[in-house]
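# Commentary on secondary and tertiary structure
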Amino acid sequence: MSKVKKRIRPTKEQAQELNRRLDAVVKAGHTSNLYCDCEVCQALAEQAELMGYRTDSTIKQPSDKWDRRKQVYERKRQIDLVKVANLAGQGLTSAEISEKMHRSKSYINKLAREFDIKIFTKKRGRKPCH
């Protein structure tokens, strides 16, 4: 069995240094950029590696596999949106739409809510006697 390297708890000074570098990254506005290679972000990555939070300090660029997956998801979502709009226009409920499309009811409701699609609901209660 291979030994797992136990992470040592950082000292107070190391934690303060990490927080200071984190604040510098936030001040630079690089919070949503995961693959930034500027000096501020590199310093934070090196400090994190030093403290044992990361395995290596080099920031690797993502493969284009994730971009492709995101594009496929967006395309499927657009197709689903058109289908939901068509089926809702026919007067189907969200349960019936989800059954026809083989998607969950919550996904159908989320699409309808996001794009303001009116989905009819069946009236509950007593049926008319005529």
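Residues numbered from 1 in each chain as written. Predicted model: local features only at pLDDT ≥ 70, side-chain atom pairs only at ≥ 80, totals over all residues. Heavy atoms only, no water.

This part is about the environment of Thr-55. Here Thr-55 lies in the loop between helix 2 (39-51) and helix 3 (65-89). For Thr-55 and Ala-45, which are ten residues apart along the polypeptide, the C-alpha to C-alpha distance reads 9.8 Å. (Helix = DSSP H or I, 4+ residues; strand = E, 2+ residues; numbered from the N terminus.)

Within the largest apolar cluster, 13 residues are counted, with the highest numbers of intra-cluster contacts made by Val-84, Ile-97, Met-101, Ile-108, Ile-117 and Ile-119. The set of elements that each furnish at least two residues to this core consists of helix 3, helix 4 (94-101) and helix 5 (105-114). Setting aside chain neighbours within four positions, we find Met-101 in contact with Asp-80, Lys-83, Val-84, Leu-87 and Ile-108. (Core = buried A, V, L, I, M, F, W, Y, C linked by side-chain atoms within 4.5 Å. Buried < 20%, exposed > 50% of the residue type's maximum accessible area, 1.4 Å probe, protein only. Contact = heavy atoms within 4.5 Å.)

With respect to the secondary-structure elements, Asp-80 resides in helix 3. According to the relative accessible area criterion, Asp-80 is buried, its value standing at 3%. Those residues in contact with Asp-80 that sit more than four places away from it in its chain are Met-101, Arg-103, Tyr-107 and Leu-111.

Before going further, it helps to examine the state of the cysteines. Under the defined criterion, the tally for this structure stands at zero disulfides. Here Cys-41 stays free of any disulfide, with the sulfur of Cys-38 as its closest cysteine sulfur at 3.5 Å. For Cys-41, a relative accessible area of 9% puts it in the buried group. (Disulfide = S-S within 2.5 Å.)

On to helix 4, then. Structural remark: α-helix, 3.6 residues per turn; residues separated by three or four positions point the same way. Taken as a whole, helix 4 has its buried residues at Ser-94, Ile-97, Ser-98 and Met-101. Each buried residue of helix 4 sits inside an arc of 95 degrees when the element is viewed along its axis, so together they form one side. Facing away from the buried side of helix 4 by more than 90 degrees, the exposed set consists of Glu-99 and Lys-100. Tucked into the core, helix 4 has its buried residues touching helix 3 and helix 5. Of the residues trailing helix 4, His-102 is marked for its positive phi of about 60 degrees. (Arc of directions from axis to C-beta.)

None of this, on its own, says anything about what the molecule does.
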